[in-house]
Amino acid sequence: MTTTPKRVRVHHLREAKERGEKLTMLTAYDAPTARIFDEAGIDLLLVGDSIGNTMLGHETTIPVTVDELIPPARAVARSVSRALVVVDLPFGSYEAGPEQALATAVRLFKETGAHAVKLEGGRRVAAQVRALTDAGIPVFGHLGFTPQSENALGGKRVQGRGEDAAELLSEDALALQDAGAVAIVLEMVPAPVAARLTEILRVPTIGIGAGVECDGQVLVWLDMAGMGDWSPRFAKQYAQIGQALGDAARAYAADVRGAVFPDDAHSFLQ
Ligand SMILES: Nc1nc(=O)c2c([nH]1)NC[C@@H]1CN(c3ccc(C(=O)N[C@@H](CCC(=O)O)C(=O)O)cc3)CN21
Ligand SMILES: CC(C)C(=O)C(=O)O
Ligand SMILES: [Mg+2]
């Protein structure tokens, strides 16, 4: 008999933090990876705008649209029985204000079945976080290196270095928490700064290049599985899927060229 696992819900995030249980999060952009990560017990799946550079052939996340995120988010949400599914609000779909953010988030919610959304920024998006929260849409914050603002931040740089920058980061984090954010992703933040933020916040922090003291960790799945052509320094490789897939393709091609495949077992003999 197979039992349906208990779904991860938003209130479990705070409970996990209070119990000192780490939260695990990976990106997923399609049904097969979502199913595999869900069955592996990953708590949270992020349909990230990193789909732009990992899957859609863009250089950055900037060109990704809401229309492009909807089919992948729907595929991921349909494929999980336990994980909480979070979808990124892409660049240009929420910055104008709470009304724009709410229209985008409502559409993503209704059309995909995702359980929460994530947006980048601190105080400048606090009103958006409040509006979505009040409408019943759980919101994840994202601070530190926020890739949608790469050009304004002056590149892919660690954020929150130095006392003044660390202070601004904690003010942003507290503003997001006060606005109702259920968790905050910290990207490329010095480990001691992320540890301090984790200590002062009631909501969990989820780190990516932000040290081991965060309440959880997130990685882009291609980076941790050796599937991309490049991966950031903070990503650890747990498999070489790109190598394995290339080997499979080469073996298949050799069998076809040698007329070894299909053999009788893979043919209809009459
Ligand atoms: N594959 C992938 N992994 C990610 O972690 C990721 C994405 N894509 N796309 C969206 C954002 C962008 N992120 C990025 C992108 C680039 C670097 C990067 O180039 N890092 C350099 C060091 C940069 C520096 O210190 O100057 C590295 O070698 O890690 C880091 C994070 C994190 N996110
Ligand atoms: C890197 C993670 C946190 C993200 O926002 C994404 O994958 O889009
Ligand atoms: Mg993102």
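Attention here is on the structure that accompanies the text. (Residues numbered from 1 in each chain as written. Chains lettered and ligands numbered in written order. Predicted model: local features only at pLDDT ≥ 70, side-chain atom pairs only at ≥ 80, totals over all residues. Heavy atoms only, no water.)

**Side note on the sheet that holds strand 7 (residues 205–208)**
Next, step 1: Read around the closed barrel, the 8 strands follow the order 1-2-3-4-5-6-7-8; overall the barrel is parallel. Sheet twist, expressed as the average angle between the axes of neighbouring strands with direction ignored, equals 25 degrees.
Next, step 2: As paired strands, strand 3 (residues 84–88) and strand 4 (residues 116–118) are joined by 3 bridges and run parallel to one another. Each residue of the ladder has a partner; that of Val86, found in strand 4, is Ala116.
Next, step 3: Docked against the sheet, helix 1 (residues 10–19) engages strand 1 (23–27), strand 2 (44–47), strand 3, strand 5 (139–144) and strand 6 (183–187), running at close to 130 degrees with respect to strand 1.
Next, step 4: Its contacts with the sheet put helix 8 (residues 163–178) on strand 5 and strand 6, and the angle it makes with strand 5 is roughly 175 degrees. (Pairing = 2+ DSSP bridges. Helix = DSSP H or I, 4+ residues; strand = E, 2+ residues; numbered from the N terminus. Axes fitted to C-alpha atoms, helices over the stretch in contact; angles between N-to-C directions. Contact = heavy atoms within 4.5 Å.)

**Some details on the side chain of Glu187**
Next, step 1: Take Glu187: it is sitting in strand 6.
Next, step 2: Although Glu187 lies buried, it forms no salt bridge, and the closest oppositely charged side chain, Lys118, sits 6.2 Å away as judged by the N-O distance.
Next, step 3: A polar contact of 2.8 Å, which involves the side chain of Glu187, links it to the side chain of His142.
Next, step 4: The contact partners of Glu187, leaving out residues within four places of it in the chain, are His142, Leu143, Gly144, Phe145, Pro147 and Ile208. (Buried < 20%, exposed > 50% of the residue type's maximum accessible area, 1.4 Å probe, protein only. Lys, Arg positive; Asp, Glu negative; His and termini not counted. Salt bridge = Lys/Arg side-chain N within 4 Å of Asp/Glu carboxyl O. Polar contact = N/O pair within 3.5 Å; in protein donor to acceptor, adjacent residues only side chain to side chain.)

**Topic: the site of ligand 2**
Next, step 1: Taken together, Thr27, Leu46, Gly48, Asp49, Ser50, Asp88, Lys118, His142, Val185, Ile208 and Val220 form the complete shell of residues around ligand 2.
Next, step 2: Within the side chain of Lys118, one N or O atom sits 2.8 Å away from an oxygen atom of ligand 2.
Next, step 3: Protein coverage of the free-state accessible area of ligand 2, which is 260 Å², stands at 95%.
Next, step 4: Each residue belonging to the shell around ligand 2 can be placed in one class, and the counts come to 4 nonpolar, 4 polar and 3 charged. (Near = heavy atom within 4 Å. Areas by Shrake-Rupley, 256 points an atom, 1.4 Å probe, with all protein chains shown as cover. Nonpolar A, V, L, I, M, F, W, Y, C, P; charged D, E, K, R; others polar.)

**Overview of the pairing of strand 7**
Next, step 1: Taking every second residue as pointing to the same face, both faces of strand 7 are buried, with Thr205 and Gly207 on one and Ile206 and Ile208 on the other.
Next, step 2: Summarising the sheet, strand 6 and strand 7 pair through 4 bridges and their orientation is parallel. Bridge assignment links Leu186 to a residue of strand 7, and that residue is Gly207.
Next, step 3: Crossover strand 6 to strand 7 through helix 9 (residues 191–200) is right-handed.
Next, step 4: As judged from the 2 bridges shared by strand 7 and strand 8 (residues 216–219), these two strands associate in the parallel manner. (Right-handed = clockwise from strand over helix to strand, strands pointing away.)

**Regarding the coordination of the magnesium ion (ligand 3)**
Next, step 1: Distances from the magnesium ion (ligand 3) to its protein donors, Asp49 (OD) and Asp88 (OD), fall at 2.2 Å. Highlighted residues: Asp49 in the loop between strand 2 and helix 3 (51–54) and Asp88 in strand 3, separated in sequence by 39 residues.
Next, step 2: Judged by its relative accessible area of 4%, Asp49 falls in the buried class.
Next, step 3: Take Asp88: its relative accessible area is 3%, and that puts it in the buried class. (Donors = N, O, S within 2.8 Å, 3.2 Å for Na, K, Ca; no water.)

**Observations regarding the environment of Ala194**
Next, step 1: Its place among the elements puts Ala194 in helix 9.
Next, step 2: A relative accessible area of 0% places Ala194 in the buried class.
Next, step 3: Taking C-alpha positions, Ala194 is 7.1 Å from Glu213, a pair spaced 19 residues apart along the chain.
Next, step 4: Among residues more than four places away in sequence, those in contact with Ala194 are Leu186, Val189, Ala210 and Cys214.

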